[in-house]
Amino acid sequence: MKGKFTQFALGVLTGAFLFGGATAAAAGIVATPSWPPIYVDGQQVQMTAYNIGGNNFVKLRDIGQAVGFNVYYQNGVQVDSNAPYTGSAPARTVQAAQNSPTGTVHVGCYKEGPLTAGDSSGLMLSPSGVEYTVTSSNPAVAGVERVKGFWKVSAVSPGTAVITAAAPDGTSGSTTVTVTGGSQAPSANGTPDLTANMEIRQEMVRLINQVRRENGKAELPTEESLMNAAQDVSAQCIGKHRPYDHQALLCYGWPHSGMYNLIVIDVNSFPDIAQKAVTAWTHSPGHFQTMVMDEGSCLGTGVTIKDGTAYCFMVVGDPTGHNPYE
């Protein structure tokens, strides 16, 4: 993990920083957003860089999320190359399974309290150094997977699930994970309206295919599973890429990989949402490559408007690629 991080940082970046925002200025230094092509193990990832004095800088937390190590702030910036990315400090204590006798496996989440649908957390398993088998009693609520040697739980939909870890010697332990719809849920029961804003979404499809034609690429038809997945992701009202984006593809029946674009728009400043989204993606090299990718066979779009903000997503399905969460 440490070697992978070092190669990635040195091969792509000239520096990294943690502050947010589109443009930052301090002591006469101006940072301008840029989107150079960035690859992790040969796979292009979407990441915003900031050009300062001719050099591109990327947020350290964005690198951690792309490569798979944890970055968080606790009495200074902490980098844990042996833990999966959560963006949060690990819990001080491991939550043991209820009514489990001493000597059994202890299971806990890095994130304390309920998880929000679409969120994920690394699992803490004790004793360490054991090849555990981890299962979920209700994968439709909370699924588990092993990523880069670490187990994590992914919140899918509101409810509860028991996460159980079994050791080769027969000992086991469990913990109950609660998933909520969260304040961002589009309705009281957390179920998104998959037909919302269809007129805007269809206009986005038309404009994306116009860009493809202008660049010598074939138009892409819409695909129901991709349309539903993109709308579900937009309905979370979160302006960043997450593992949930790719998990949604599987949930709605697309078994392959896909590449996402997203943009968050102030609808008061830009009432033509579809045109603004596609124009912005066209002028961003990484997003543009997603729109005109040769491997794409179909297309999906999603738009959710909340509190004067539009969360716009598009996804191009790649039937030749493998979904890492399959």
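Residues numbered from 1 in each chain as written. Predicted model: local features only at pLDDT ≥ 70, side-chain atom pairs only at ≥ 80, totals over all residues. Heavy atoms only, no water.

(A) Representation of helix α3 (residues 198–214) in the model. The terminal C-alpha atoms of α3 lie 24 Å apart, and with 17 residues this matches the ideal 24 Å at 1.5 Å per residue to within 8%. When α3 is considered as a whole, its buried residues turn out to be Arg201, Met204, Val205, Leu207, Ile208, Asn209, Val211 and Arg212. If you follow the buried residues of α3, they end up packed against α4 (224–235), α6 (273–282), α7 (285–291), β19 (298–306) and β20 (309–322). Just beyond α3, the residue with positive phi is Gly216, at close to 70°. (Helix = DSSP H or I, 4+ residues; strand = E, 2+ residues; numbered from the N terminus. Expected span 1.5 Å × (residues − 1). Buried < 20%, exposed > 50% of the residue type's maximum accessible area, 1.4 Å probe, protein only. Contact = heavy atoms within 4.5 Å.)

(B) Region of interest: the packing of α4 against helix α5 (residues 243–251). Close contact between α4 and α5 brings their axes to 9 Å; oriented N to C, the two are set at 145°. Taken as a pair, α4 and α5 cross one another with a handedness that is right-handed. From α4, Leu226, Ala229, Asp232 and Val233 reach across to α5, where they touch Tyr244, Asp245, Ala248 and Leu249. When its residues are assigned to classes, the contact of α4 with α5 shows six nonpolar, no polar and two charged. (Axes fitted to C-alpha atoms, helices over the stretch in contact; angles between N-to-C directions. Left-handed = near helix turned anticlockwise from the far one by under 90°. Nonpolar A, V, L, I, M, F, W, Y, C, P; charged D, E, K, R; others polar.)

(C) Expanded view of α4. Over its twelve residues, α4 extends 16 Å from the first C-alpha to the last, a length consistent with the 16 Å expected when each residue adds 1.5 Å. Within α4, eleven of the twelve residues are buried, which leaves the element mostly enclosed by the surrounding structure. Packed against the buried residues of α4 are α3, α5, β18 (256–266), β19 and β20. Cys237 sits one or two positions beyond α4 and adopts a positive phi of about 60°.

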